[in-house]
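Structural characterization, general
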Amino acid sequence: MLLNKELIDEKIRIAIENSKKYIGKGEVPSYIPELLNVDRDNFAFCLVGTTGDIFTYGDDEIVFSLQSISKILTLILALSDTTPAYLYSKVGSEPTSYEFNSLIPIGDKAANPFINAGAITTSSMILGSDNEEKFDRILGLFRSMSEFEGTKMDEGIYTSEIATADRNKAIAYYLKSKGIFDQNPDEVLDLYIKACSIGTNIEGLAMMGAVLANKGIGIKTREMIVPENIVQIVVSQMASCGMYENSGAYLMNVGIPSKSGVSGAIVGVVPEVCSLAVYSPRLDKTGNSVRGKGLFKIISQDLGLNIFV
Ligand code: GLU
C-alpha cells in the first residue's frame, strides 16, 4: 500500500460513500435480546497502519461488544497457556459449513477455534485461580492490544446473553461429556460469554488488529504483546475460519484474513501493512455484517490490500 495519507483518506471516503448502497440490508440478531437495542444503521470504520497512522470515520464514539471477535483473545491466551499441539488435540483447525453455534460439527472436537464450540474449548484452557482472574487476563490482553481506555465488560450484553444461552450451554455440556475439558461447563461458558461482552470503540478494534498485522508488537508502545508464532496461527485461522460458513467465499472476494462478530463488527489483518475495522450491525444470514463485508471488499480493491494479488 504505497499511498500517501491524503490519497488513502480520499479513497476510504469514496469507498464509504459507495458502501451506502448496503444501508438497510440485513437484520440484527434477536437471540441476544440486548443486541436489538442498537441503532441498526450505526456505522464506523477505522484503518490503522503498522506505522501508527490512524484513519477513523463515522460514529467513532460508539462502544459495541466484541462478540465472536473475542475468540481471537481466547485463542491467543489458550495458545500461550498450553501448546499448539495440545490445543489442536482438543479443537480442529478446519473451516465448517455449519453455522457458528451449531452442535452438528462438533463430532469428537469442535471444527475450529472460531466457532462457539471451539472458543468454549479454548476458554477452558485459560489459566487462572478463578473466573475473575481468567477474565482479567482476557480483558488485560484486549486492553494492551487495543490501547482503548474504556475497556470493560458490557454488563447489559453479558446479562442478556447469559440469560438466553441455552444453545451455548448445550455445547459446553456436550464438550465436557466428550472429555474435551473437565471443568464445570457453566463456569467455562460464563468466561466465554464475558469475553464476548467486552466493549470497544472502532479505533480500539482496529488497534487490536494492527498488533496482529505488526507481528504481535504494540503499535504505540512498540513492545511485544503476542509472540510471533501465535500471531501466525491466529491470522491463518482468521483467513480460513474467521467469517463463519462464509469464510471461503469471503477470502476469495476480499482477500483479507478477518474475524467477525454478531454485534456487526469485523476486524481484518493485512500482515505488515495495516488492520481494518468496521461496525455496522445489520447481518446477513451467515452472521456477518452486510455493509461491513461490502465495504471491506471495496477498500481491499481500492487500496490494494488483497493479500493474494
Ligand atoms: N456471544 C455470541 C454467541 O455465543 C457470539 C457469536 C458470534 O459473534 O458469532 O452466540
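Whatever comes next refers back to the structure up there.
What comes next concerns the included structure. (Residues numbered from 1 in each chain as written. Predicted model: local features only at pLDDT ≥ 70, side-chain atom pairs only at ≥ 80, totals over all residues. Heavy atoms only, no water.)

1. Considering the nonpolar core
Condition: What we call a nonpolar core is a set of buried Ala, Val, Leu, Ile, Met, Phe, Trp, Tyr and Cys residues that are connected through their side-chain atoms within 4.5 Å. Think of it in three bands: residues with accessible area under 20% of the maximum for their type are buried, residues over 50% are exposed, and the middle band is partly exposed, with areas taken using a 1.4 Å probe on protein chains only. Only runs of H or I of at least four residues qualify as helices and only runs of E of at least two qualify as strands under DSSP, and these elements are numbered from the N terminus.
The biggest cluster of nonpolar side chains holds 71 residues, and the ones touching the most others in it are Ile 72, Leu 212 and Val 234. Among the elements that take part in this core, helix H9 (residues 202-213) stands out by supplying 9 residues, more than any other. Grouped together as the second largest cluster of nonpolar side chains are 24 residues, Ala 15, Met 243, Leu 276 and Leu 305 included.

2. Notes on the sheet that holds strand E6 (residues 258-261)
Hydrogen bonds between backbone groups are what pair the strands of a sheet, and the pairing can be parallel or antiparallel. To keep things clear, this is the line we draw: We treat two strands as partners when DSSP finds at least two bridges between them. All axes here are fitted lines through C-alpha atoms, helices being fitted over the stretch that makes contact, and every angle between N-to-C directions spans 0 to 180 degrees.
Taken in spatial order, the 5 strands make up an open sheet running E2-E1-E8-E7-E6, and their pairing is antiparallel. The two strands at the open ends of the sheet, each matched to only one other strand, are strand E2 (54-58) and E6. On average, each strand axis in the sheet is inclined to that of its neighbour by 10 degrees, with strand direction left out of account. The sheet contact formed by strand E1 (residues 44-49) and E2 spans 5 bridges and is antiparallel.

3. Brief notes about the packing of aromatic side chains
The following threshold applies: Planes of paired rings set the category: under 30 degrees apart is stacked, over 60 is edge-to-face and the rest tilted, where pairs are Phe, Tyr or Trp rings (Trp by its six-membered ring) whose centres lie within 6.5 Å. Geometrically, a lysine NZ or arginine CZ counts as sitting over a ring once it is within 6 Å of the ring centre and also within 35 degrees of the ring normal.
Throughout the structure, instances matching the rule amount to 3 aromatic pairs. Geometrically, the ring pair formed by Phe 45 and Phe 296 is edge-to-face, given 6.4 Å between the ring centres and 85 degrees between the ring planes. Of this pair, Phe 45 sits in strand E1 while Phe 296 sits in helix H12 (residues 290-302), and the two are 251 residues apart along the sequence. Between Phe 64 and Tyr 279 the ring centres are 4.2 Å apart and the planes differ by 10 degrees, which places this aromatic pair in the stacked class. In this pair, Phe 64 sits in strand E3 (residues 64-65) while Tyr 279 sits in strand E8 (residues 274-279), placing the two residues 215 residues apart along the sequence. By the burial criterion, Phe 64 is buried, and Tyr 279 matches it. Positioned over the ring face of Tyr 244 is Lys 259, at 4.5 Å from the centre of the ring. For Arg 291, the ring lying beneath its charged end belongs to Phe 43, and the centroid distance is 3.9 Å.

4. A word on empty space enclosed by the protein
Which parts of space are left empty comes out when a probe the size of a water molecule is rolled across the atoms. This is how the line gets drawn: Residues are called lining when one of their atoms sits within 4 Å of a cavity or pocket point, these points coming from a 1 Å grid over the protein atoms alone, where a cavity is a set in which a 1.4 Å probe fits but cannot get out and a pocket is an open set with protein on both sides within 12 Å along at least five of seven lines. Grid points are joined across faces, edges and corners, and a volume is the space filled by probe spheres set on the points.
Tallied over the full model, the rule gives 2 cavities of 30 Å³ or more. Of the volumes computed, that of the largest cavity is approximately 80 Å³. What lines the largest cavity is simply Tyr 31, Gln 67, Ser 68, Lys 71, Phe 100, Asn 116, Glu 161, Asn 168, Tyr 192, Cys 196, Tyr 244 and Val 262. Lining the second largest cavity are Tyr 22, Ile 23, Gly 24, Lys 25, Arg 40, Asp 41, Asn 42, Ser 280, Arg 282 and Arg 291.

5. Focus on the pairing of E1
In terms of burial, E1 is a largely internal element, 6 of the 6 residues being buried. Of the two faces of E1, the one holding Ala 44, Cys 46 and Val 48 and the one holding Phe 45, Leu 47 and Gly 49 are both buried throughout. Between E1 and E2, which pair antiparallel one after the other, the connecting turn spans 4 residues, and Gly 52 there sits at a positive phi close to 105 degrees. Relative to E8, E1 runs antiparallel, the two sharing 6 bridges. Looking at E8, one finds that Val 48 is bridged to Ser 275.

Don't take any of this as a statement about function, it's just geometry.
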